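Structural features, examined
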Amino acid sequence: MKTIDLAESSIRELNQALHDQAVECTEREWEVLNPKGQHNIACGLDQNLSVDIHGHAGYFCAGMNKKAHVVIHGNAGQGVAENMMSGTVRVKGDASQAAGATAHGGLLVIEGNAGARCGISMKGVDIVVKGSIGHMSCFMGQSGNLVVCGDAGDALGDSMYEVHIYVKGTVKSLGADCIEKEMRPEHIEELTELLNRAGLDEDPASFKRYGSARQLYNFKVDNAGAY
Amino acid sequence: MSNDINVNPGLRESATFDRTTMAEIRRAADTGIYDIRGFGAKRKLPHFDDLLFLGASMSRYPLEGYREKCNTQVTLGTRFAKKPIVIETPVTIAGMSFGALSANAKEALGRGASMVGTSTTTGDGGMTPEERGQSSKLVYQYLPSRYGMNPDDLRKADAIEVVLGQGAKPGGGGMLLGQKITDRVAQMRTLPKGIDQRSACRHPDWTGPDDLAIKIQELREITDWQVPIYIKVGATRTYYDVKLAVKAGADVIVVDGMQGGTAATQDVFIEHVGIPTLAAIPQAVQALQEMGMHRKVQLIVSGGIRNGADVAKCMALGADAVAIGTAALVALGCNDPKYSEDYAKIGSAAGFYDDYQEGKDPAGISTQDPELAKRLDPVEGGRRLANYLRVLTLEAQTLARACGKNDLRNLEPEDLVALTVESAAMARVPLAGTSWIPGQQF
Ligand SMILES: Cc1cc2nc3c(=O)[nH]c(=O)nc-3n(C[C@H](O)[C@H](O)[C@H](O)COP(=O)(O)O)c2cc1C
């Protein structure tokens, strides 16, 4: 295990050391101390590494992650795991807004709550939130799964495309073109698997499913009010 | 008003309700949808044609054409990047998406630009292997939609351009209508085939200049501080935008004036939002100068650049380079009269065609139809573009030499005068034959 203490090293040194592992992997286990809310910690990783960040992280922690497994033992700032491609990112605390924004793949688990715009424009990632999520979550979400064990804020799934959204608690309001959908056996199966991967013990049958009504996919003058 | 000599001179067309205006009212009444089109603003605007160069004579002496050197090479991204981009001519190819343009068109742009040693730019929808392969210097756009955005391509890029806006639609998002969403385009953008794709107008994971500074740091961290980072803005409050872009950490700022082309935008947006390119440049340069960053953070200007005179005028007003979109497409064959019959079949005409969004481009450029796309041979297209870029460069050099300059970037506002009061005020150069710059005290 290699330890980098951000009280002594810079973000640049940390990220360069982690990026170097993509060229030649000399150490798979990494530990980051004293993150103290600094931004851009462990972003752009491209190797099967395990990175434990002990403390709170600022913006874009684990941004654009590929292959790596990053755990934040604290809260995460804006845009955690934004545009992730693969691997996993787990936030032990809460995450700020735009968690998992535009992410194409991998798994993002937030053990606390997530702020506004969780999963905005998501493009294939799986996001599992143990707590609740804020307003405008999954706005223009394209693909992937969003699982919320708590409640969802206003305008969930506004203008979304093909994401599967599962919420256990209440949804304050649905956004344009987002509707509740039937939970069929294949959805229970999908959700069971997602909860298992996230390591959460919840009853899949207690969730409701939401998705796109697909009414805004092509411009129709009758929908003008929704645009 | 009327161009038609057969119209009875006793009939007078209204300047307010001219035939184009009335046709639009009828179109709106027929369809109930705003007009979406490509191309740039079509209205007449104060532009580079309203400026003239003062050649050298007694008080300045000119350089000899062909014999005395006039440098055109420019280095972009000298502020923070370990690997700045060196371009041999200050004319770059602007970002135009694969999706809006065919793969052949993108390849032709890459080939043409590479032949003359300049850069080309991806667009909304990501990077295609064809364009990466054919572009010796490729700028990767980082857009609000993040369609096709992936860190591998980011690391393959020679520069990254964070797009905040476009001159044709500052404050607006993108649009790619279902007709153009083929399997390949849909797959690159992770969306179902055949649906209208709306691109967001704001970035999903940051708002405001303080956030942008952190975003830029993230992009630098991911690319290990190797490549330059540009910020592209549509021209509106350019003075403030440029100051904020410098503060946010840009290496290069791209200012796109309201004449700038687009693949698909509401006509009302194209014609009524933003400021002319001419008005934007002095604002950008003033902002850079006040911050002591002129020439340190490079300025690229686009929007309605057509010839070497336009290039030279941009440079004289303080730009480090320019970008072209529409003109490059015209060089490839867009609106070419050789397709007159085909344009007529789709209700348009050579020289007027702007329905890029429909994907029926007879020239095979703004289309995803494989049969139409075949009409553009990327090798031949690349050669035509390279020729055109060479002409722009030679023309700009000719003008610079005539002004006694051995580098395009030595051109200065003092070399220019304006033909109209408006252009004098916007470009901040004197009205020809006077020392009067409207709005400035003496
Ligand atoms: C067909 C087409 C597609 C475009 N796509 C994009 C794009 O994806 N991203 C972007 O920032 N600008 C896009 N633009 C705008 C150009 O990058 C550039 O700002 C503009 O074309 C410059 O003005 P000009 O066309 O008058 O040269 C597009 C323009 C055209 C004509």
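Residues numbered from 1 in each chain as written. Chains lettered and ligands numbered in written order. Predicted model: local features only at pLDDT ≥ 70, side-chain atom pairs only at ≥ 80, totals over all residues. Heavy atoms only, no water.

- Under the annotation held in an unreviewed UniProt entry, chain B carries the name N-methylglutamate synthase subunit C and is attributed to Marinobacterium sediminicola.
- In its Sequence similarities (unreviewed entry) section, the UniProt record describing chain B reads: "Belongs to the glutamate synthase family." (UniProt positions renumbered as here; feature names shortened; annotations may be inferred.)

- Under an unreviewed UniProt entry, the name given to chain A is Glutamate synthase domain-containing protein 3, and the organism recorded is Marinobacterium sediminicola.

Structural notes on the overall build of chain A
- Secondary structure summary: chain A contains 2 helices and 11 strands in total.
- Its helices and strands in sequence order give chain A the pattern β-α-β-β-β-β-β-β-β-β-β-α-β, from N to C terminus.
- Computed over its C-alpha atoms, the radius of gyration of chain A comes to 18 Å, within 12% of the 17 Å expected for a compact globule of 227 residues.
- C-alpha extents for chain A along the principal axes are approximately 60 × 35 × 30 Å.
- Counting only residues that meet the buried cut, chain A has 56% of its 227 residues in that class.
- In chain A, once contacts between residues fewer than 6 apart in sequence are set aside, the share between residues at least 24 apart is 25%.
- Carbon and sulfur atoms make up 47% of the accessible area of chain A, which amounts to about 8400 Å² in all.
- Of note, chain A has its 20 positive side-chain charges centred 3 Å away from the centre of its 29 negative side-chain charges. (Helix = DSSP H or I, 4+ residues; strand = E, 2+ residues; numbered from the N terminus. Rg over C-alpha atoms; globule rule 2.2 N^0.38 Å. Buried < 20%, exposed > 50% of the residue type's maximum accessible area, 1.4 Å probe, protein only. Contact = heavy atoms within 4.5 Å. Areas by Shrake-Rupley, 256 points an atom, 1.4 Å probe, with all protein chains shown as cover. Lys, Arg positive; Asp, Glu negative; His and termini not counted. Charge placed at Lys NZ, Arg CZ, Asp CG, Glu CD.)

Comments concerning the UniProt feature "domain: Glutamate synthase" (unreviewed entry) in chain B
Residue and element names in this part refer to chain B.
- The UniProt record marks residues 77-335 and 361-405 with the feature "domain: Glutamate synthase" (unreviewed entry), using the residue numbering of this structure.
- Counting secondary structure, residues 77-335 comes out at 36% helix and 18% strand; the distance between its end C-alpha atoms is 35 Å.
- Secondary structure content for residues 361-405 is 64% helix and 0% strand, while the C-alpha to C-alpha distance between its ends is 42 Å.

A few points about the pattern of salt bridges
- With the rule as written, the count across this model stands at 48 salt bridges over all chains.
- Arg184(A) is paired through a salt bridge with Glu182(A); the nearest N and O atoms lie 4.0 Å apart.
- Residue class for Glu182(A) comes out exposed when judged on its relative accessible area of 53%.
- Look at the salt bridges and you will find they share partners, linking Arg37(B), Lys42(B), Arg43(B), Asp267(B), Glu271(B) and Asp354(B) into a network. (Salt bridge = Lys/Arg side-chain N within 4 Å of Asp/Glu carboxyl O.)

Quick notes on unusual backbone geometry
- For Ala98(A), which is not a glycine, the phi torsion comes out positive at approximately 60 degrees.
- Note that Ala98(A) resides in the loop between strand E5 (88-91) and strand E6 (107-110).
- For Arg146(B), which is not glycine, the phi torsion reads 55 degrees and is therefore positive.
- Inspection of the secondary structure puts Arg146(B) in the loop between strand E7 (138-142) and helix H4 (151-156).
- Judged by its relative accessible area of 1%, Arg146(B) is buried.

Concerning the site of the ligand
Residues and elements named next belong to chain B.
- Taken together, 25 residues lie near the ligand, and Gly95, Asp256, Gly304, Gly325 and Thr326 sit nearest.
- At 2.7 Å from an oxygen atom of the ligand is found a side-chain nitrogen or oxygen belonging to Asp256.
- When the free accessible area of the ligand is taken as 600 Å², the share hidden by the protein chains comes to 98%. (Near = heavy atom within 4 Å. Polar contact = N/O pair within 3.5 Å; in protein donor to acceptor, adjacent residues only side chain to side chain.)

Description of the UniProt feature "domain: Glutamate synthase alpha subunit C-terminal" (unreviewed entry) in chain A
- Annotation from UniProt places "domain: Glutamate synthase alpha subunit C-terminal" (unreviewed entry) at residues 40-189 of chain A.
- Between the end C-alpha atoms of residues 40-189 of chain A the distance is 36 Å, and the span holds 3% helix and 25% strand.

So, the environment of Asn387(B)
- Position of Asn387(B) among the secondary structure elements: in helix H14 (residues 378-402).
- C-alpha separation for the pair Asn387(B) and Glu13(B), spaced 374 residues apart in sequence, amounts to 42 Å.

Some remarks on the interface of chain A and chain B
- At the junction of the two partners, chain A supplies 37 residues and chain B supplies 42 residues.
- Across the chain A to chain B interface the summed buried area is about 3200 Å²; carbon plus sulfur atoms make up 55%.
- Inspection of the chain A/chain B interface yields 6 salt bridges.
- Glu82(A) serves as the salt-bridge partner of Lys215(B), at 3.3 Å between the closest nitrogen and oxygen.
- Connecting chain A to chain B are 20 residue pairs in polar contact (both at pLDDT 80 or more).
- With 5 residues, the single largest contributor to the side of chain A that touches chain B is helix H1 (residues 11-23) of chain A.
- The class makeup of the residues in the side of chain A that touches chain B is 15 nonpolar, 15 polar and 7 charged. (Buried area = accessible area lost by both parts, 1.4 Å probe. Nonpolar A, V, L, I, M, F, W, Y, C, P; charged D, E, K, R; others polar.)

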